[in-house]
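Architecture and fold: a report
Each chain, written out:
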Amino acid sequence: MDLEPIASSPLNEIYRHRGALMERRNGWQVPIRFSIAEAEREAVRTSVAMGEFVGAGALDLVGSELGEFAGLMGVVETPVGEAVAFESVPGSPARWLQLTRSHARIVLRPGAAGPVRVALEAADGCLHITDVSSGLTTLALVGPRGPDLLARLVRLDTDPRAFADHRVAQTGMIGVPLLILRWDRGPLLSFELTVGRDVAEYVVEAVEHAGHDLGLAWMGAEALTRLE
Amino acid sequence: MREGDPSEAPDAPPSARLPGHADGDGREITIFFDGRPVAAREGDSVAAALYAAGTRIFTRSFKYHRPRGLLCGAGRCPNCLMNVDGAPNVRSCVTPARDGMQVRHQNAWPSLEIDALAVLGRMERLLPVGFYYKTFIHPRALWPVYERILRQVGGLGVIERGSRPEGYHHEYRSTEVAVVGGGPAGMSAALAAAGTGCRVTLVEEEEALGGMLREDPHPRLPGGDRAGRPGREIGAELAAALEAAGVTVWTGATAVGAYEGRQLAVQRGRALIELRYERLVLATGAFERPAVFAGNDLPGVMLGTGAQRLMRLYGVRPGQRAVVATAHDGGLELAEELRAAGVEVVAVADSRPDDAPRSPAYQRLAAAGVPVLSDTGVAKAYGGLRLSHVAVAPRGRSLRWLRCDLLCLSLGWEPALALLSQNAAGEPRWDAARGIYAAGLGDNEILAAGSLCGVDDLVACLEHGEAAGRAAARGSGDHHGGVGGSSIQPRNLPSVVESGPSSSRPATVLIAETRLDGRQFVCVCEDVTVKDITRAVAEGFDQVELLKRYSTASMGPCQGKMCRVAVGELLAQQIGETPAAVGTSRARPPAQPVTLGALGAAHAAPVRRTPMHHRHGALGARLMNLGEWKRPEVYSSVEEECRAVREGVGLIDVSTLGKLEVVGKDAVALLEKVYTGRFADLRPGRVRYGVACDDAGIILDDGTFARLGPERWFITTTSGGVEAMDQWLRWWSAPGPGGSPPCAHVTNLTAGLAAVNLAGPRSREVLSRLTDLDLSPEAFPYLGAREATVAAVPALLLRIGFVGELGYEIHVPAEYGGQVWDALLEAGEESGIRPFGVEAQRVLRLEKGHVIVGHDTDALSNPLDAGMPWVVKWEKDDFVGRPSLLRLSAERQEQEVEGQLRLVGFTLPGDIWIPERSQVVEGGQPAGRVTSYRVSPTLEQGIGLAWVPTASAVEGAAIRIALPGGAIEAAVTLRPFYDPEGFRVRS
């Protein structure tokens, strides 16, 4: 068998219709740009831009010994509903999202989930790790009008005064489960929306519809990378 | 009406704008009224622009098509509803004019001036109150005809068919303190709350803040920094302070409902906003109320505040010759203001007695030669298309007729209670001192302030608002002052019925004491007259809520704002009671009209797509909705697809299957507890079928269980059952009281795995081209589970088959689903592979007699009666539903239970088609039902599943199935229709 797997985002068809320039990165088809880079930057500065973290890794950790394990991983004690940055393995930046007392999610860069999972599986006790990367799609909404856009989609109070930076919440969005994280990029207001892969197209279509009069624009991987 | 009477002319001459008005002086713009250009100014309302251009008739009434002109001028009555830019029933008096705006009249044909349906006004006798309960009901068959005519004749605006205005949407916002009303009390409340650090949102219906201050050119405060400054300056100062304080201000936003759960519905532009709050301050103010007298609906009869708004906000002179009817000094001040605007004030009819104290305004009017007629009320307004003169009735003296084109009613104020009373703990109560209904007290989440509480002095309003804002802030959380919410009670604040400052605006008589001939309208929305109310009460509808429903008074667009008090007063007069005794009808949402487009904007119907979704479209599949999923129903023809699976190889997307991972050392115990089958003895690498029941032994779901390791399980569920089973498993894996949590964790992998079923006698040869796994029956037997790569993608393969052929269920990471699908189709090309859809799958599974949970079973089905007793393992000590199933089993063995049904297969000869859900009948009576039926292309006969009486559940028994042409006979079978021994699936 001489096949090389190419991973596809559930949004590839949408990217094709939006005229994205696609490129292969880390085994994934990734939208690099949707328009000229300046237009994407302008949306980020003045309204709101949407982009997908194509291929992002996600590991779910569940178990009563989660706290001890977090300590071993070098994760500072994190209250439920908050997120922190850490290094899952040296040199590999990651985020720890404390969803409940016994449930956390580690969010990783593309391709990092496998090695990290192997490292974590060495842990003893009743702590279980499941790679849930394939089932999730994560979108970034970056720009000052992000809360206005979210107000049309999410009942949760995402006003920046109420939903502080690095807050995370499990809620609903237009009828589907949603994990929302606020993770600002410097002065830029930024929300990350994680939904099931099976509803990703539905969610994106709804976001596009809700945001068309707010100046919503797509941004590709180039723009997203620059924001990091 | 005399020939040549000016009141026959529908319009007045255009009036020059008054200098120096508040919001006007903007650039000139043009709007179009019925296609005719009308000059307007930026800042005008649509109605103000039209009024300035001479328009006096703005709409025709609901029932009698009477001409109607501006009445309140503040968005509270129905008299200015128009079609604006295609949207019907827009309140033109509060809608800002914009350049190029297209305004059209509604509810009149061919024009507002000449309306053919005005003939209905002469048919009053045929259209008495409640006529629709008595007429148009026989013969019943004609109702569709009646309905069409009635809908043409009655009603208000018309929604243009096919139009889909864009931009309507819902929003969800939150705040700590919400304030409704941008007048002095509301602004003061918002400022006070914001000063404590609260997040505050202020909702104001008008396009600018200020309320009465916005219009008020007079000095209002007796002392302090603001003394001697016009009200509008004070309002502007407060508005600026709000911005500085970071208050979120929504102008042009209408609060339409206050709901339980601390939710306020607000329409703002094309958005319907669900505003969640911790504390709500209502400062909705008060409005002038009209009076009931003959001809009171003529264009030219206007509330005093309506005239003031025209003058103050838009610089429009409201008339040439005016009569002012009043009951308080405010009416006298209005007369002065009219005079200052160049309106000739013919007289002031003051209902107060001769010996009432004379105010300075009275002295000034008298000095100017304006007759102020004390102890005098309006008896009748005369005119054709607009007002020509009025008759006033001094008490005990003869009538006087006064020629005028404007009658201003400045008779008293009514709190805008709608929102408060929607949430009030008690019914609105009659306040005899003021002649108003006051809301019952709300709960401690809602506070009232300002004129809503009968406070009308500016200083008091500001203080009152400030107190309410502070109290709201204290109650909105533990970080804004430290006083718990329980201490916040409306009782702490002045209210109409409690300790509020007394109003300087006294009550007045609403119903004319001198009644002359002519229609006296009580409810202008629904064209309900005094005569209608009288007749309805005489017919026995003498309770206020019943009277409302029968007469429809207060059921129109204004929701009773213009008539609630008058209806109560009339009812009280009729039955010899007091208004307090009769009460008033309850205000309900919406408090103000809300656009249907905004209400209907929400459209949250999730759509789930499999990773191969777009491949199916490219292959020409017809898609169907199965729950939230989109699935291919058929690609080419069901027969061809079935044949491919039976004779060659087929491929179906089964990604919609629920997929759960259960891990942990207690995973086996959890499965043994939740499912009826045995799992402890299942070896890794093997698969088993299982069923879950609830406590009553009812089938919840079914699926397959693959043991991938000692503590790792992969479970499939039905497509629609995965969320429920996920929750059910989590429920049973929760620790009991005082117990430690079991080590078993459930993860829903449904969206993360693409799945296909490669089925058919040639499936092995196709799969062998894409994997290195040994696929021989010995190495990978039926009910085996293997982890390998397929098309270079890591995969889980299960040797199972829903369709009864050699088959492989292949699960791969969703991101590779499309690639694996393509690879399988390509690899199978030389083997004649075909994709098959849900319909072919249903036929094939039915040939095998497989049950679809939720389709062949329902909320009463248990495994014993569903023909699956073998899934229940009695040797287990405990599992969910065991006691119930044990009891059912014992009952079945002891005796035949009446009405007990069993699920069996049946056959019909040839190609007879019957609908699913057909009834099984015995002796002509319903005895069971068909759940599945198809004509099998393989077996060339009709096959189905049906619930039949136990006595008929034997091999070869005959059952009768009811069809429209008569019952037909079918033969029962308890064996699968196809390959009953299961040789093919094991091959």
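Rules used throughout
- Residues numbered from 1 in each chain as written.
- Chains lettered and ligands numbered in written order.
- Predicted model: local features only at pLDDT ≥ 70, side-chain atom pairs only at ≥ 80, totals over all residues.
- Heavy atoms only, no water.
- Helix = DSSP H or I, 4+ residues; strand = E, 2+ residues; numbered from the N terminus.
- Rg over C-alpha atoms; globule rule 2.2 N^0.38 Å.
- Buried < 20%, exposed > 50% of the residue type's maximum accessible area, 1.4 Å probe, protein only.
- Contact = heavy atoms within 4.5 Å.
- Areas by Shrake-Rupley, 256 points an atom, 1.4 Å probe, with all protein chains shown as cover.
- Lys, Arg positive; Asp, Glu negative; His and termini not counted.
- Charge placed at Lys NZ, Arg CZ, Asp CG, Glu CD.
- Patch = residues over 30% accessible without salt bridge, like charges linked within 9 Å, V, L, I, M, F, W, Y side chains within 5 Å.
- Salt bridge = Lys/Arg side-chain N within 4 Å of Asp/Glu carboxyl O.
- Disulfide = S-S within 2.5 Å.
- Buried area = accessible area lost by both parts, 1.4 Å probe.
- Pairing = 2+ DSSP bridges.
- Axes fitted to C-alpha atoms, helices over the stretch in contact; angles between N-to-C directions.
- Phe/Tyr/Trp six-rings, centres within 6.5 Å; stacked < 30°, edge-to-face > 60°.

Further remarks concern the overall build of chain B. Each helix and strand in chain B was counted, giving 25 helices and 49 strands. Taking 2.2 N^0.38 as the reference for a compact globule, 987 residues should give roughly 30 Å; the C-alpha atoms of chain B span a radius of gyration of 38 Å, well beyond that estimate. Each principal axis of the C-alpha distribution contributes one length, and for chain B these read about 115 × 70 × 60 Å. Put simply, chain B has 987 residues, and 58% of those count as buried. Look at the contacts in chain B between residues 6 or more apart in sequence, and 66% of them connect residues 24 or more apart. Total accessible area on chain B stands at roughly 39300 Å², and carbon and sulfur atoms take up 52% of it. Here chain B contributes 105 positive and 116 negative side-chain charges, whose respective centroids are spaced 3 Å apart.

The grouping of Leu 142, Val 145 and Ile 149 of chain B at the surface amounts to a nonpolar patch, some 230 Å² of accessible area in total. Note on placement: Leu 142 of chain B falls in the loop between helix H2 (131-134) and helix H3 (143-153).

The final tally for this structure, using the stated rule, is one disulfide over all chains. Each sulfur in the disulfide pair Cys 126 of chain A and Cys 743 of chain B lies 2.1 Å from the other. Its S-S torsion of about 105° marks the bond between Cys 126 of chain A and Cys 743 of chain B as right-handed, since a negative value means left-handed. Here Cys 743 of chain B lies in the loop between helix H20 (722-732) and strand E38 (745-748) and Cys 126 of chain A lies in the loop between helix H4 (113-121) and strand E8 (127-131), a pairing that spans two chains. Free of any disulfide, Cys 198 of chain B has its nearest cysteine sulfur in Cys 453 of chain B, 20 Å distant. Take Cys 198 of chain B: its relative accessible area is 8%, and that puts it in the buried class.

Our focus in this paragraph is the interface of chain B and chain A. Contacts between the two partners involve 41 residues from chain B, matched on the other side by 38 residues from chain A. Carbon and sulfur atoms supply 54% of the area buried between chain B and chain A, which totals about 3500 Å² over both sides. Per-residue buried area on chain B facing chain A is highest for Tyr 172, Arg 199 and Glu 815 of chain B; these three make up 20% of the total on that side. Along the contact surface separating chain B from chain A lie eight salt bridges. Counting only elements with at least two residues in the side of chain B that touches chain A, the list comes to strand E8 (169-174), strand E14 (271-276), strand E34 (658-663) and E38 of chain B. Here the side of chain B that touches chain A takes six residues from E8 of chain B, the largest share from any one element.

With that settled, the discussion passes to the pairing of strand E42 (residues 807-813) of chain B. Residue and element names in this part refer to chain B. Among the seven residues that make up E42, seven are buried, leaving the element largely enclosed by the rest of the structure. In this structure, strand E39 (residues 753-759) lies alongside E42, joined through seven bridges in antiparallel fashion. Residue pairing across strands places Ala 759 opposite Gly 807, the latter belonging to E42. Across three bridges, the pairing between strand E41 (residues 793-798) and E42 is antiparallel. Residue pairing across strands places Leu 797 opposite Ile 810, the latter belonging to E42.

Counting through the fold element by element, Arg 182 of chain A comes out in strand E11 (residues 176-182). Residues Arg 182 of chain A and Leu 141 of chain A, spaced 41 residues apart in sequence, show a C-alpha to C-alpha distance of 9.5 Å.

What follows deals with the sheet that holds strand E13 (residues 263-268) of chain B. All names here are of chain B. In spatial order, the strands read E8-E14-E13-E12; together these four strands make up an open sheet with mixed pairing. Each having just a single partner strand, E8 and strand E12 (253-259) make up the two edges of the open sheet. Geometrically, the sheet is characterised by an average inter-axis angle of 25° between neighbouring strands, direction not taken into account. When E8 meets E14, the two strands line up parallel, connected through six bridges. Bridging from a neighbouring strand, Tyr 172 pairs with Glu 274 of E14.

Looking now at the sheet that holds strand E12 (residues 190-196) of chain A. All names here are of chain A. Overall, mixed pairing links the six strands, which are arranged E10-E11-E12-E9-E3-E13 in an open sheet. Each edge of the open sheet carries a strand with a single partner, namely strand E10 (168-173) and strand E13 (216-218). Going from strand to strand, the sheet's axes swing by 30° on average, the running direction of each strand aside. Relative to E11, E10 runs antiparallel, the two sharing six bridges. Across the sheet, residue Thr 171 finds its bridge partner in E11, namely Leu 178.

Considered for burial, the residues of helix H18 (residues 638-647) of chain B that qualify are Val 638, Glu 641, Cys 642, Ala 644, Val 645 and Arg 646 of chain B. The inward-facing, buried residues of H18 of chain B abut strand E32 (629-634), strand E33 (650-653), E39, strand E43 (834-835), helix H23 (838-847) and helix H25 (983-986) of chain B.

Residues and elements named next belong to chain B. Counting across every chain of the model gives 18 aromatic pairs over all chains. Each ring, one from Tyr 675 and one from Phe 705, has its centre 4.4 Å from the other, and the planes form 80°; the classification is edge-to-face. Here Tyr 675, found in the loop between helix H19 (667-674) and strand E35 (687-693), pairs with Phe 705, found in strand E36 (residues 699-709); they are 30 residues apart in sequence, far enough to count as distant. On the basis of relative accessibility, which here comes to 1%, the residue Tyr 675 falls in the buried class. Relative to Trp 713, the ring of Phe 679 has its centre 6.0 Å away and its plane inclined at 90°; by these criteria the two rings are edge-to-face. Remark: Trp 713 occurs in strand E37 (residues 712-717) and Phe 679 occurs in the loop between H19 and E35; sequence separation between them is 34 residues. An identical accessibility class is assigned to Phe 679 and Trp 713; each is buried.

Residues and elements named next belong to chain B. Relative to the elements of secondary structure, Gly 905 occurs in strand E44 (residues 901-908). With a relative accessible area of 7%, Gly 905 lands in the buried category. Residues Gly 905 and Leu 117, 788 residues apart in the sequence, show an inter-C-alpha distance of 66 Å.

Applying the stated criterion across every chain yields a total of 72 salt bridges over all chains. The residue Arg 185 of chain A makes a salt bridge to Glu 192 of chain A at a minimum N-O spacing of 2.8 Å. Using a relative accessible area of 4% as the deciding quantity, one classes Glu 192 of chain A as buried. Among the ionic pairs, Arg 312 of chain B bridges to Glu 337 of chain B, the shortest N-O distance being 2.7 Å.

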